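The primary structure of each chain is shown beneath.
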Amino acid sequence: CWAQQYQSPEPFVHAFQDGTDLEKHRDLLATENEQLKQELKACKLQLQELQNQTWSCEECEHRKESLSQLQLEVAEKNARLLKQELEVQQKTDCLTEVEQRLNDSLREQAKEKEWFNLQLWESQKIIASMKAQSPKIKYIVKRVEVESSELKQALNEAQSQNQSLQEQVGMQCQVLKEMEQQLQDSQSISVRLRSQIQKYESKLERVHREMVEVIQSMKDEKNRAIEDAFLQAQTEMKAVHENLAGVRTNLLTLQPALRTLTNDYNNLKRQVRDFPLLLQRALQTTKSEIGQVVEEVRTTNHELLCKYHRELQLRKKYHNELVRLKGNIRVFCRVRPVMEEDGDEPEVMNMVTYDPEDDGVLHLCHKGKLVSFELDKVFPPEATQQEVFQEVQDLITSCIDGYNVCIFAYGQTGSGKTYTMEGMQGNRGINQRALQLLFSEVAEKALDWEYTISVNMVEIYNEALRDLLGKEPQGKLDIKLCPDGSGQLYVPGLTEFTVKSVADINRVFEIGHMNRVTEYTNLNEHSSRSHALLIVTVNGVDCSTGIRTTGKLNLVDLAGSERVGKSGAEGSRLREAQYINKSLSALGDVIYALRTHQGHVPFRNSKLTYLLQDSLNGESKTLMMVQVSPLEKNTGETLYSLKFAQRVRSVELGSVAKKTEAVSFPPTDQMELDSRSSPSSSPGASSGRPGSQRRKLQISA
């Protein structure tokens, strides 16, 4: 068996011979590749000669195109040749790699064979030595009658030695079996390695044949490319020579034209030299002309802007006069500012913008659309209480002359109605400023007139009329028609305060504010839950003529409209909200009936509209102050309030008449203005009419 493992290594010699043949073939390919490079160099030299010949006639465009085509084809051939050289190099590298792998596998196989042979030789040597050293065991059975301790000990030792020898023999047999198994494994590995060597040899032969075929095809393709390039170059050369003759003929005819072009070029050159000076002069002239035109336009724009502002003021003046003559309800809008209590969420963005040229126009961005509204006056958030009052003070002073005036604030809850009408400590609203203005006007006319100013305060809470200045503000009052047939309304039992100073005003407002109902909601911490009316009656007597005038000023702070879902009203708050929305809806019905000139106006549908009947039926100068919120989350309510304001603005109530009464002038010592007993809602009416139970209170300063 050991001799069979060391037979003559013919497969290895054959493999090495094949490797030598491949190397020779590779050298042959390299030589052929070098020859191809030499031929390519020769083609390049021919092409260079052709280029030198063609450059002598640069004017021939056709020759240039032919030369460029020839160069492109030569470049294409070079690319193909380079590609073929690259493929040859790749095949050579692959062949070298296969040879390397074959040599490595042969060396590994030789090492494995040597190791297996060495292991086999050692195993055989061990087996032979074991066979030579194995002792012959003789079993002697002898019966000895005398049993002694020495014999027993010798017998035990012999038995134990016999057992150990048997174990050694078993172990040697096991080792022998293992060595035989290893020998079989090494033989199977050797067979597998021989099959792999045969596969590598067949693959190497196949690669060799492919290399020969590729090299042959490359040679053929190279020869064809060179022949094609040479034939095409000859054809192009003939065409170039023919075109050269034509170009020479054309050169003779182009010389006169070249002289003309030269003269034109010189003329243009002189013009270009003089062009910067001419351009500078033209620019200076143009700049001066443009400056004059710009100055004229600026002057014209300034004059037009001044005229526009004058026309705008005149338009407002005439519009206000037309509103006064028609008796339209004037509508002002005030936008409350964004406050810290609103937070900084995206829903508190300012969605209201203003027209810088017209203070009566307001723009609201609602659901991505810009909606514009035109009112009589728009107050931005930065407008002060004094600025708001300056716009309404002319209307307030007219009540001294005997006119009825009504100013009411409308808007959603939390939009600033109570702030505008009542204000706060140190920054009073329209109510107190109006009374202070009346006092100053009365003081200026004290030499010719004697005036008495009386005040009532009521609220409409859940469709119940309540006296805010009475001893029992929870008591319910009713609205009655005057029995004198004048058609005016009055409230029997309504408390009336005669005021003569600012201290009286503060006391009246303190009592009224204390008795008014306000509660907390999600939209407003101090939400008014009722409609509050301040009724100011001014009675005047001309000391020289005895003419008596009666004017009434109604200052109304309406409760805010609200959505129950947003305000979170529950229980009694929910009932209050329902009554508030119902009364405001009735006010909208009245406005609609007045706007469409219907025969019946539903004043009696609500206590609010019934009490405001004198202010909305054409016998009063009326102004609505609509309060809106600029926040994005309130754009729905803001849009509704502004649309309602536009509808109110279109209502025509008719011209307003001054209420005067000519009476015989009594002596001064008989006039007792403080004992007046006529109701505040019907000034000038007889104090002796039935049902009048109004209480008179005199407040000392």
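Small disclaimer: the values here were computed from a predicted structure and weren't measured.

Asks: Got a minute to help me understand the overall build of the chain in this structure?
Replies: Assigned secondary structure in the chain consists of 13 helices and 21 strands. In the chain, the proportion of contacts linking residues at least 24 apart, taken out of those at least 6 apart, comes to 74%. Here the chain displays about 41800 Å² of accessible surface, and carbon together with sulfur accounts for 53% of that area.

Asks: Is there a simple way to think about the packing of aromatic side chains in this case?
Replies: The description of an aromatic ring pair uses the distance of the two centres, along with the angle that the planes make with each other. Per the counting criterion, the structure on display carries three aromatic pairs. A centroid spacing of 5.9 Å and a plane angle of 75° characterise the contact between Phe332 and Phe379, whose relative ring orientation is edge-to-face. Highlighted residues: Phe332 in strand E1 (residues 330–335) and Phe379 in strand E5 (residues 377–379), separated in sequence by 47 residues. Ring centres 5.7 Å apart and planes at 15° place the aromatic pair Trp449 and Tyr451 in the stacked group.

Asks: Would you explain the packing of helix H10 (residues 572–595) against helix H13 (residues 635–649) in this entry?
Replies: The angle between the axes and the distance between the axes are what describe a pair of packed helices. Running from N to C, H10 and H13 cross one another at 40°; their axes reach a closest spacing of 9 Å. By the angle class used here, H10 and H13 are oblique. Read as a crossing pair, H10 and H13 show a hand that is left-handed. Where H10 approaches H13, its residues Leu587, Gly588, Ile591 and Arg595 are matched on the opposing element by Phe644, Arg647 and Val648. The class makeup of the residues in the contact of H10 with H13 is four nonpolar, one polar and two charged.

Asks: Could you clarify how one ought to interpret a nonpolar patch on the surface in this entry?
Replies: On the surface, a nonpolar cluster with roughly 280 Å² of combined accessible area is contributed by Phe275, Leu279 and Leu283. Note that Leu283 resides in helix H4 (residues 149–326).

Asks: In this structure, what is going on with the nonpolar core? I would like to understand it.
Replies: A general feature of soluble globular proteins is that nonpolar side chains tend to end up buried together. Counting residues in each nonpolar core, the largest one holds 50 residues, and the members touching the most others are Cys333 and Met624. Mapped onto this core, the elements with two or more residues apiece are E1, strand E3 (358–366), strand E6 (404–411), strand E9 (449–461), H10, helix H11 (607–611), strand E19 (621–628) and H13. With seven residues, H10 is the largest single contributor of residues to this core. Leave out the neighbours within four places in its chain, and Met624 touches Ile329, Arg330, Val331, Phe332, Phe408, Tyr410, Phe644, Ala645 and Val648. Counting residues in hydrophobic clusters, the runner-up holds 40 residues, among them Leu395, Ile396, Ile407 and Ile505.

Asks: Would you explain helix H8 (residues 502–515) in this entry?
Replies: The terminal C-alpha atoms of H8, which comprises 14 residues, lie 20 Å apart, in line with the 20 Å expected from a rise of 1.5 Å per residue. The complete set of buried residues in H8 reads Asp504, Ile505, Val508, Phe509, Ile511, Gly512 and Asn515. The buried residues of H8 all sit within an arc of 160° when viewed along its axis, so they share a single face. Opposite the buried face of H8, by more than 90 degrees, sit the exposed residues His513 and Met514. Where H8 is buried, its residues meet helix H7 (430–444), E9, strand E14 (496–499) and strand E17 (531–542).

Asks: What am I meant to see in unusual backbone geometry here?
Replies: Residues apart from glycine generally show negative phi values, whereas peptide bonds are mostly found in trans. The backbone phi angle of Lys367 is positive, close to 55°, even though this residue is not glycine. With respect to the element layout, Lys367 can be found in the loop between E3 and strand E4 (369–374). The exposure class of Lys367 is exposed, given its relative accessible area of 77%. In this structure, Asn462 takes a positive phi of about 55° despite not being glycine. Tracing the backbone shows Asn462 in the loop between E9 and strand E10 (464–467).

Asks: Would you take a moment to explain the sheet that holds E4 for this structure?
Replies: Paired through their backbone hydrogen bonds, the strands of a sheet run either parallel or antiparallel. Pairing in this open sheet of three strands is antiparallel, and the strands run E2-E3-E4 from one edge to the other. Both outer strands of the open sheet, strand E2 (352–355) and E4, are each paired with one neighbouring strand and no more. Averaged over neighbouring strand pairs, the angle between their axes works out to 30° when direction is ignored. Here six bridges tie E3 to E4, and the two strands are oriented antiparallel to one another. Across the sheet, Val361 pairs through a bridge with Glu374, a residue of E4. Together, E3 and E4 form the strand contacts of H13, whose direction differs from that of E3 by roughly 140°.

Asks: What should I look at first to understand H13 in this one?
Replies: Look at H13: 21 Å from first C-alpha to last across 15 residues, which is about the 21 Å you get at 1.5 Å a residue. Turning to H13, its buried residues number three or more, namely Thr635, Glu637, Thr638, Leu639, Ser641, Leu642, Phe644, Ala645, Val648 and Arg649.

Asks: What is the right way to look at the packing of H7 against H8 in this model?
Replies: For the pair H7 and H8, the least separation of the axes is 10 Å and the interaxial angle reads 155°. Viewed along their axes, H7 and H8 adopt a mutual orientation that is roughly antiparallel. Between H7 and H8 lies a crossing of right-handed hand. Facing H7, whose interface residues are Asn431, Gln432, Leu435, Gln436 and Phe439, H8 presents Val502, Ile505, Asn506 and Phe509.

Rules of the game
- Residues numbered from 1 in each chain as written.
- Predicted model: local features only at pLDDT ≥ 70, side-chain atom pairs only at ≥ 80, totals over all residues.
- Heavy atoms only, no water.
- Helix = DSSP H or I, 4+ residues; strand = E, 2+ residues; numbered from the N terminus.
- Contact = heavy atoms within 4.5 Å.
- Areas by Shrake-Rupley, 256 points an atom, 1.4 Å probe, with all protein chains shown as cover.
- Phe/Tyr/Trp six-rings, centres within 6.5 Å; stacked < 30°, edge-to-face > 60°.
- Axes fitted to C-alpha atoms, helices over the stretch in contact; angles between N-to-C directions.
- Parallel < 35°, antiparallel > 145°, perpendicular 65-115°, else oblique.
- Left-handed = near helix turned anticlockwise from the far one by under 90°.
- Nonpolar A, V, L, I, M, F, W, Y, C, P; charged D, E, K, R; others polar.
- Patch = residues over 30% accessible without salt bridge, like charges linked within 9 Å, V, L, I, M, F, W, Y side chains within 5 Å.
- Salt bridge = Lys/Arg side-chain N within 4 Å of Asp/Glu carboxyl O.
- Core = buried A, V, L, I, M, F, W, Y, C linked by side-chain atoms within 4.5 Å.
- Buried < 20%, exposed > 50% of the residue type's maximum accessible area, 1.4 Å probe, protein only.
- Expected span 1.5 Å × (residues − 1).
- Arc of directions from axis to C-beta.
- Pairing = 2+ DSSP bridges.

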